[in-house]
Amino acid sequence: MLKAITAGLRWLLGNTTVLALLALAALWAWHQWQVGDLEDAVQRAESNATAAQAEADRVRGERDQWRGTAEQRGRDLAALADERRQAEAATVALQDKLARREDAYRALRESIRAAPDADDGAVAPVLRRTIEALP
């Protein structure tokens, strides 16, 4: 019986070692497969990160260009607003000047109309046309 136990233990240990080696080989192959998948995932992630960084740099460049354009347009708008204020002020000043001249002309016309007939006299035709053509 001792021989049978000894033979059984030898068979069990021999097969266990082979089974353990087979299990270890399968575990190593599975590990290598997982490592390969992870390395591929890392490579894809690095590639995506590089592409995203390039896209971010491109977008930042466009943003800076648009910002510069917007700032220039803002300066142009401010200059146009200032020019408009100056033009409006010049228009008001010109209207005031024209109103003062109109008052002066009105006074002259009233003076001419109110003048007695005795003040009327002969005037050269060219001078009469010029005077009558005045506003």
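Use the structure listed above.
Analysis parameters
- Residues numbered from 1 in each chain as written.
- Predicted model: local features only at pLDDT ≥ 70, side-chain atom pairs only at ≥ 80, totals over all residues.
- Heavy atoms only, no water.
- Helix = DSSP H or I, 4+ residues; strand = E, 2+ residues; numbered from the N terminus.
- Buried < 20%, exposed > 50% of the residue type's maximum accessible area, 1.4 Å probe, protein only.
- Areas by Shrake-Rupley, 256 points an atom, 1.4 Å probe, with all protein chains shown as cover.
- Lys, Arg positive; Asp, Glu negative; His and termini not counted.
- Charge placed at Lys NZ, Arg CZ, Asp CG, Glu CD.
- 1 Å grid on protein atoms, 1.4 Å probe; cavity = no way out; pocket = protein on both sides within 12 Å on 5 of 7 lines; lining within 4 Å.
- Points joined across faces, edges and corners; volume = space filled by probe spheres on them.
- Nonpolar A, V, L, I, M, F, W, Y, C, P; charged D, E, K, R; others polar.
- Patch = residues over 30% accessible without salt bridge, like charges linked within 9 Å, V, L, I, M, F, W, Y side chains within 5 Å.
- Salt bridge = Lys/Arg side-chain N within 4 Å of Asp/Glu carboxyl O.

**Thoughts on the overall build of the protein**
Next, step 1: Looking only at helices and strands, one finds 2 helices and 0 strands in the protein.
Next, step 2: With the C-alpha coordinates aligned to their principal axes, the bounding extent of the protein is approximately 170 × 25 × 15 Å.
Next, step 3: Expressed as a percentage of its 135 residues, the buried residues of the protein come to 0%.
Next, step 4: Within the structure as shown, the protein displays about 12200 Å² of accessible surface, and the carbon and sulfur contribution to it stands at 63%.
Next, step 5: Seen as two clouds, the 19 positive and the 21 negative side-chain charges of the protein have centres 5 Å apart.

**Concerning the layout of surface pockets**
Next, step 1: Considering only enclosed or pocket space, the largest pocket measures out at about 560 Å³ in volume.
Next, step 2: Residue lining of the largest pocket: 17 residues in total, with Leu108, Ile112, Arg128, Ile131 and Glu132 positioned closest to the centre.
Next, step 3: Contributions of two or more residues to the lining of the largest pocket are made by helix 1 (2–114) and helix 2 (125–133).
Next, step 4: Take the lining of the largest pocket: its biggest share by element is 5 residues, from helix 1.
Next, step 5: For the lining of the largest pocket, the residue count by class is 9 nonpolar, 1 polar and 7 charged.

**A few points about the environment of aspartate 117**
Next, step 1: Here aspartate 117 is to be found in the loop between helix 1 and helix 2.
Next, step 2: Linking aspartate 117 and arginine 75, residues 42 residues apart in sequence, is a C-alpha distance of 65 Å.

**Structural notes on a nonpolar patch on the surface**
Next, step 1: Together, Leu21, Leu24, Leu27, Trp30 and Trp33 make up a nonpolar patch on the protein surface, roughly 600 Å² of accessible area in all.
Next, step 2: On the basis of relative accessible area, leucine 27 is assigned to the exposed category, the value being 53%.

**Things to note about the pattern of salt bridges**
Next, step 1: On inspection of all chains with the given rule, the structure shows 9 salt bridges.
Next, step 2: With a shortest N-O distance of 3.0 Å, aspartate 64 and arginine 63 are connected by a salt bridge.
Next, step 3: Between arginine 106 and aspartate 103 there is a salt bridge, with the nearest N and O atoms lying 3.0 Å from each other. Note that arginine 106 and aspartate 103 are positioned in helix 1 at a spacing of 3 residues, about one turn of the helix.
Next, step 4: Given the relative accessible area of 43%, aspartate 103 is considered partly exposed.
Next, step 5: Put simply, Glu55, Arg58 and Glu62 are held in one network by salt bridges that share partners.

**Re the environment of aspartate 119**
Next, step 1: Examined against the element boundaries, aspartate 119 turns out to sit in the loop between helix 1 and helix 2.
Next, step 2: Of the residues examined, aspartate 119 reaches a relative accessible area of 58% and is grouped as exposed.
Next, step 3: For the pair aspartate 119 and methionine 1, spaced 118 residues apart in sequence, the C-alpha separation works out to 169 Å.

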